[in-house]
Amino acid sequence: MSAGFDAAAELGYDGVELMVWNEPESRQLRTVARHAERTGVPVLAVHAPCLAITQRVWGADPAERLRRSVVLAAGLGAPIVVLHPPFRWQRRYAAGLARQVDELERAHGVRIAMENMFPLRRGRVRVSSYTPGHDPTVPGARNYTLDLSHTAVAGDDAFALLERMGDRLVHLHLADGTGEPHDEHLVPGRGTQPCADVLRRLALTGFGGTVVVEISTRRARTRNERLDALAESLLFARLHLGSRVPRSRA
């Protein structure tokens, strides 16, 4: 986590999105706040632990994980909590989620932004792990996160999804993809998604939310290669978006 804050400060990012992870530091308010103060890089969003591999972070109850994510975000002064749709087996959580989101937003002054996901693909077979599906605009949410790597995997029309989210879109995960059946999180401009056009549309419509660079740097062989990818992504965002919206990295 320290390396992420350091890289964001070195490259001139406006802030970071904190992914609550199996790494204990990511769940400790004082530790995260210390990194933010040390580098001058604020936390602009907190991503709740809703991946399959983080299902035991803060216990087995997804409602409690969401509550603690919101409390952490409020403590850090982050206005956004990113959330995935419930898994199909989380029936009780799904049934009470809309009410819980309303209560948490009112109590803590944050916006909980539901993220578009993607179905699992094997050949021509598509199976969604989410209820009622991977598209959060059905049945709808109070606020949304649009992820452009996920639209690539799902084969969804990014602009159509953008339109359905409308003025409830408050958060963008800026990344790219080529349509492979796995989440690529490429540097924007290296895939098939309309990353530049989406950014320009947001700038023209006076988007008041946050844009986060969420790319994978696992293949980078050195720190400099990793920094080059992050710098290229930041330049891409600033070129097509302008200076109206904060840019951060996950």
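A brief look at the structure comes next. (Residues numbered from 1 in each chain as written. Predicted model: local features only at pLDDT ≥ 70, side-chain atom pairs only at ≥ 80, totals over all residues. Heavy atoms only, no water.)

### Let's talk about the pairing of strand 1 (residues 15–19)
Stated formally: Between buried and exposed lies partly exposed: a residue is buried under 20% and exposed over 50% of the maximum accessible area for its type, with that area taken using a 1.4 Å probe on protein chains only. Starting at the N terminus, helices and strands are each numbered in turn, a helix being any DSSP run of H or I of at least four residues and a strand any DSSP run of E of at least two. In this scheme, strands are said to pair when DSSP sees at least two bridges between them. By convention, a crossover is right-handed whenever its connection, traced from the first strand over the helix to the second and viewed with the strands pointing away, goes clockwise.
Among the five residues in strand 1, four count as buried, and that is most of the element. Across four bridges, strand 1 lies against strand 2 (residues 43–47) in parallel orientation. Bridging across to strand 2, Leu18 finds its partner in Val46. A crossover links strand 1 with its parallel partner strand 2, the connecting element being helix 2 (residues 29–39), and its sense is right-handed.

### Thoughts on helix 4 (residues 91–108)
Put simply, the test is: Working rule for helices: expected span equals 1.5 Å times residues minus one. The angle between axes fitted to the seven-residue stretch ending at a residue and the seven-residue stretch beginning at it gives the bend at that residue. Whether two residues are in contact is decided by their heavy atoms, any of which lying within 4.5 Å being enough.
With 18 residues, helix 4 should cover 26 Å at 1.5 Å per step; its first-to-last C-alpha distance of 25 Å lies within 8% of that length. Maximal helix bending in helix 4 amounts to about 55°, located at Leu97. The set of residues buried in helix 4 consists of Tyr93, Gly96, Leu97, Gln100, Val101, Leu104 and Glu105. The inward-facing, buried residues of helix 4 contact helix 3 (62–76), strand 3 (80–83), strand 4 (111–115) and strand 7 (143–147). After helix 4 finishes, the residue Gly109 shows a positive phi value of roughly 70°.

### Points about unusual backbone geometry
A cis amide bond links Thr131 with the next residue in sequence, Pro132, at an omega value of 0°. Inspection of the secondary structure puts Pro132 in the loop between strand 6 (125–127) and strand 7. Despite not being glycine, Trp58 has its phi angle at roughly 60°, a positive value. In this structure Trp58 comes out as buried when scored by relative accessible area, which is 14%. With phi around 50°, His185 is a residue other than glycine that occupies positive phi space.

### Thoughts on the pattern of salt bridges
What counts here: Take a side-chain nitrogen of Lys or Arg and a carboxyl oxygen of Asp or Glu: if they are within 4 Å of each other, that pair is a salt bridge.
For the structure on display, the rule yields 12 salt bridges. A salt bridge links Glu103 to Arg99; the shortest N-O distance between them is 3.4 Å. Residue Glu103 and its partner Arg99 are both found in helix 4; the two are separated by four residues, about one turn of the helix.

### Some points on the pairing of strand 2
The element strand 2 is largely enclosed, with a buried count of five among its five residues. For strand 2 and strand 3, the ladder comprises three bridges, and the chain directions are parallel. Across the sheet, the residue bridging to Val46 is Val81, located in strand 3. Crossover handedness for the path strand 2 to helix 3 to strand 3: right-handed.

### Overview of the packing of aromatic side chains
Condition: Pairs were defined over the aromatic rings of Phe, Tyr and Trp, the Trp ring being its six-membered one, requiring ring centres within 6.5 Å. Orientation was assigned from the angle between planes: stacked under 30 degrees, edge-to-face over 60, tilted for the rest.
One pass over the full model with this rule turns up two aromatic pairs. On the numbers, 5.3 Å between centres and 15° between planes, the contact of Phe87 with Tyr130 is stacked. Taken as a pair, Phe87 in the loop between strand 3 and helix 4 and Tyr130 in the loop between strand 6 and strand 7 lie far apart in primary sequence, 43 residues in all. By relative accessible area, Tyr130 is classed as buried at 9%. One aromatic cluster is present, built from ring pairs that chain together Phe87, Trp89 and Tyr130.

### Things to note about the environment of Gln193
Put simply, the rule reads: A 3.5 Å cut-off defines polar contacts: any pair of N or O atoms within that distance qualifies, except that in protein one atom must be a possible hydrogen donor and the other a possible acceptor, and neighbouring residues in sequence count only when both atoms are side-chain atoms.
For Gln193, the position within the fold is in the loop between strand 8 (169–174) and helix 7 (195–204). Relative accessible area serves as the criterion here: at 14%, Gln193 is assigned to the buried category. Taking the C-alpha atoms as reference points, Gln193 and Phe159, 34 residues apart in sequence, are found 9.7 Å from one another. Each residue touching Gln193, except ones within four places of it in the same chain, is listed here: Leu148, Thr151, Ala152, Asp156, Ala158, Asp176 and Gly177. A polar side-chain atom of Gln193 sits 2.6 Å from a polar atom in the side chain of Thr151.

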